[in-house]
Amino acid sequence: MKLRVLAGVSALVIAGGLSACGSGSESSGDSADGRTTIDVWLMRDSVSAEFQKEFVAGFEKAHPDIEVKVQIQEWDGIGEKVTAALASNDAPDVIETGNTQVAQFAQSGGLTDLSGKVDELGGGDWLKGLAEPGAYEGKQYGIPYYAANRVVIYRTDLFKKAGIDADEIKTRDQWIEATEKLNSSGTQGIYLPGQMWYALAGFIWDEGGDLATGSGGDWKGALDTPEALRGMDFYQRLQSLGKGPKDADEAQPPQAEVMAKGQVAQIISTPGGANVVTENNPELKGRLGYFPIPGKSAAQPGSVFIGGSDLVIPAASGKQDAAFTFVKELTGDAWQRKLAAAMSYVPNKTTLADAVASDPGASAMAAGAAVGRATPNTPGWAAVEAKNPIKDYMTAVLTGADAKSEAAKASAAITAAMKTGS
């Protein structure tokens, strides 16, 4: 799943040489010089043009028998396009897909099962928030590519004025205490809109709950469990320490633009949100910092939703070996380190967190990513997000409705949506 603002992303401009979508049989589409040509679909804004050019050149030098042709795809409508490609005999050889989309595509039977390659790819160290949604019914179809998740972006000058050391905020109770202190003299302690359901999911996971639970393929909403209700209670406490709208998400209005007005001490965002803040208010350059969303205890950061991408190989590809070689290189340690440095992404393995140690925003992300998770791993979840009863539930509670009864209604709506969407 693509997060709204990723860290350090620049627009992709591809300098010609793009292929048609299909790969055809093992022999079709091969270069005149006898090289195997693979067609790869990558998503717009996932990597810079510079990184893509560097990787393709490096890959083709290391594997002179393989030629890579890349097509850039748009996120809007990509689900339908990939589904159609997987059902055809003319699918590309490698596809980048949002991590939470893999189950939807695997359900159709159109993806290559890569379970036997997990050890070779170092899968024991993969981020769970990328690896788990890349699996479906016990088989691994998606190979973790990169991750991004939310952190706390804060005003260093306001924290200093209030006598608060952000490095000492390790627990949710400490976070509330600091935010209460900041929420004064016309400053919002935190700008938290009422429908940021990804943040709510993290608080629910910290309490031991979930958005939905499944057993034997039967899924049901779980917002009405005691654990999930405790997560909502914490969200309500935190949201009250600012003036965020109770009936909107972080995009309406864009929260980074709100912070840029100078009266907000904190927002929950990917680190790239800081760039938007300073673009809208250059006076705030050098006044923004980052820390992981705090957990219930100081033992580990709070749980976060991990967005990002996996790489999949269509079963219809006639160039399975070359496609796997491409996936192995791009998700391997050497290129993951280069990707992290170039894009301020979290690498796909916990063992590579040091690759972003010098980047304050990315290192804060990496700390949270180590305990990150994804949405319920079922094809039916897409239908939940389409209707999103979680947002309505949050608004109802924040405007005074009974949390338990509203949670029961939302859970029923989630259950119904997952049944129709499976």
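A brief report on the enclosed structure follows. Source: prediction; values computed, not measured. (Residues numbered from 1 in each chain as written. Predicted model: local features only at pLDDT ≥ 70, side-chain atom pairs only at ≥ 80, totals over all residues. Heavy atoms only, no water.)

**Quick look at the overall build of the protein chain**
Move 1: Counting its secondary structure elements, the protein chain contains 16 helices and 12 strands.
Move 2: What you see for the protein chain is a C-alpha radius of gyration of 22 Å, in line with the 22 Å of a compact globule of 422 residues.
Move 3: Along the first, second and third principal axes, the C-alpha set of the protein chain runs to 70 × 50 × 35 Å.
Move 4: Across the 422 residues that make up the protein chain, the buried fraction comes to 56%.
Move 5: Excluding contacts between residues fewer than 6 apart, the proportion of contacts in the protein chain whose partners are at least 24 apart in sequence is 78%.
Move 6: Between the averaged position of the 38 positive side-chain charges in the protein chain and that of its 52 negative side-chain charges there is a distance of 5 Å. (Helix = DSSP H or I, 4+ residues; strand = E, 2+ residues; numbered from the N terminus. Rg over C-alpha atoms; globule rule 2.2 N^0.38 Å. Buried < 20%, exposed > 50% of the residue type's maximum accessible area, 1.4 Å probe, protein only. Contact = heavy atoms within 4.5 Å. Lys, Arg positive; Asp, Glu negative; His and termini not counted. Charge placed at Lys NZ, Arg CZ, Asp CG, Glu CD.)

**Thoughts on the sheet that holds strand 10 (residues 266-269)**
Move 1: Read across the open sheet, the 3 strands follow the order 10-7-11; overall the sheet is antiparallel. The open sheet is flanked by strand 10 and strand 11 (288-291), the only strands paired with a single partner. For this sheet, the mean angle separating the axes of adjacent strands, direction not counted, is 30°.
Move 2: Contacting strand 7 (151-155), strand 10 and strand 11, helix 6 (residues 172-182) runs over the sheet at an angle of about 135° to strand 10. (Pairing = 2+ DSSP bridges. Axes fitted to C-alpha atoms, helices over the stretch in contact; angles between N-to-C directions.)

**With respect to the pattern of salt bridges**
Move 1: Counted under the stated rule, the structure contains 14 salt bridges.
Move 2: The salt bridge partner of aspartate 157 is arginine 287, with a shortest N-O separation of 3.8 Å. Here the residue aspartate 157 occupies a position in helix 5 (residues 156-161), and arginine 287 occupies one in the loop between helix 10 (272-280) and strand 11, the gap between them amounting to 130 residues.
Move 3: For aspartate 157, a relative accessible area of 27% translates into the label partly exposed.
Move 4: A salt bridge links aspartate 210 to arginine 373; the nearest nitrogen and oxygen atoms lie 3.1 Å apart. Taken together, the positions of aspartate 210 in the loop between helix 7 (197-206) and strand 8 (212-215) and arginine 373 in the loop between helix 13 (360-369) and helix 14 (381-387) put the pair 163 residues apart, joining distant regions of the chain.
Move 5: Connected through salt bridges with shared partners, the residues Arg172, Asp206, Glu207, Arg230 and Lys296 form a single ionic network. (Salt bridge = Lys/Arg side-chain N within 4 Å of Asp/Glu carboxyl O.)

**What to know about the packing of aromatic side chains**
Move 1: This model, assessed by the stated rule, comprises 17 aromatic pairs.
Move 2: Aromatic ring contacts, followed pair by pair, group Phe51, Phe55, Phe59, Phe326 and Trp335 into a single cluster.
Move 3: Here the basic side chain of lysine 117 rests over the ring of phenylalanine 324, its NZ or CZ set 4.7 Å away from the ring centre.
Move 4: Above the plane of the ring of phenylalanine 234 lies arginine 172, whose end atom (NZ or CZ) is 4.2 Å from the centre. (Phe/Tyr/Trp six-rings, centres within 6.5 Å; stacked < 30°, edge-to-face > 60°. Lys NZ or Arg CZ within 6 Å of the ring centre and 35° of its normal.)

**Things to note about unusual backbone geometry**
Note: most peptide bonds trans; most residues except glycine with negative phi.
Move 1: At the junction of glutamine 252 and proline 253, the peptide bond is cis and its omega measures out at -5° in the coordinates.
Move 2: Mapped onto the elements, proline 253 comes out in the loop between helix 8 (226-239) and helix 9 (255-260).
Move 3: Backbone geometry at serine 185 places phi at a positive 55°, although glycine is not the residue there.
Move 4: Inspection of the secondary structure assignment puts serine 185 in the loop between helix 6 and helix 7.
Move 5: Look at asparagine 388: it is not a glycine, yet its phi comes out positive at around 50°.
Move 6: Tracing the sequence through the fold places asparagine 388 in the loop between helix 14 and helix 15 (389-398).

**Thoughts on the pairing of strand 1 (residues 36-43)**
Along a regular strand, successive side chains alternate from one face of the sheet to the other.
Move 1: When you tally the buried positions in strand 1, you get 8 out of 8 residues, the bulk of the element.
Move 2: Residue alternation in strand 1 divides its side chains into two sets, Thr36, Ile38, Val40 and Leu42 and Thr37, Asp39, Trp41 and Met43, and both sets are buried.
Move 3: Note: strand 1 against strand 2 (residues 66-73), 8 bridges, orientation parallel. Its bridge partner being in strand 2, threonine 36 is matched across the sheet by isoleucine 66.
Move 4: With helix 1 (residues 49-62) bridging strand 1 and its parallel neighbour strand 2, the resulting β-α-β unit is right-handed.
Move 5: Of the strand pairs in this sheet, strand 1 and strand 3 (residues 94-98) are connected by 2 bridges, and their pairing is parallel. Paired with tryptophan 41 across the bridge in strand 3 is isoleucine 95. (Right-handed = clockwise from strand over helix to strand, strands pointing away.)

**Regarding the sheet that holds strand 6 (residues 143-149)**
Move 1: Pairing within the open sheet is mixed, and its 5 strands lie in the order 2-1-3-12-6. One side of each edge strand has no neighbouring strand; the edge strands of this open sheet are strand 2 and strand 6. Within this sheet the neighbouring strands show an average axis-to-axis angle of 20°, counted without direction.
Move 2: Examined bridge by bridge, strand 6 and strand 12 (residues 306-312) share 6 bridges and lie antiparallel to one another. Bridged to asparagine 149 within strand 12 is isoleucine 306.
Move 3: Those strands touched by helix 1 are strand 1 and strand 2, and its axis lies near 160° from that of strand 2.
Move 4: Each of strand 1, strand 2, strand 3, strand 6 and strand 12 touches helix 11 (residues 320-330); the most contacted strand, strand 1, lies at about 50° to it.

**Observations concerning the environment of alanine 84**
Move 1: Looking at the element boundaries, alanine 84 is found in helix 2 (residues 78-86).
Move 2: Placed 26 residues apart in sequence, alanine 84 and glycine 110 show a C-alpha to C-alpha distance of 9.9 Å.

**Focus: helix 15**
Move 1: Across the 10 residues that make up helix 15, a large majority, 9, are buried.
Move 2: Where helix 15 is concerned, the buried positions are Pro389, Ile390, Lys391, Tyr393, Met394, Thr395, Ala396, Val397 and Leu398.
Move 3: Among the residues trailing helix 15, glycine 400 stands out with phi positive, at a value near 110°.

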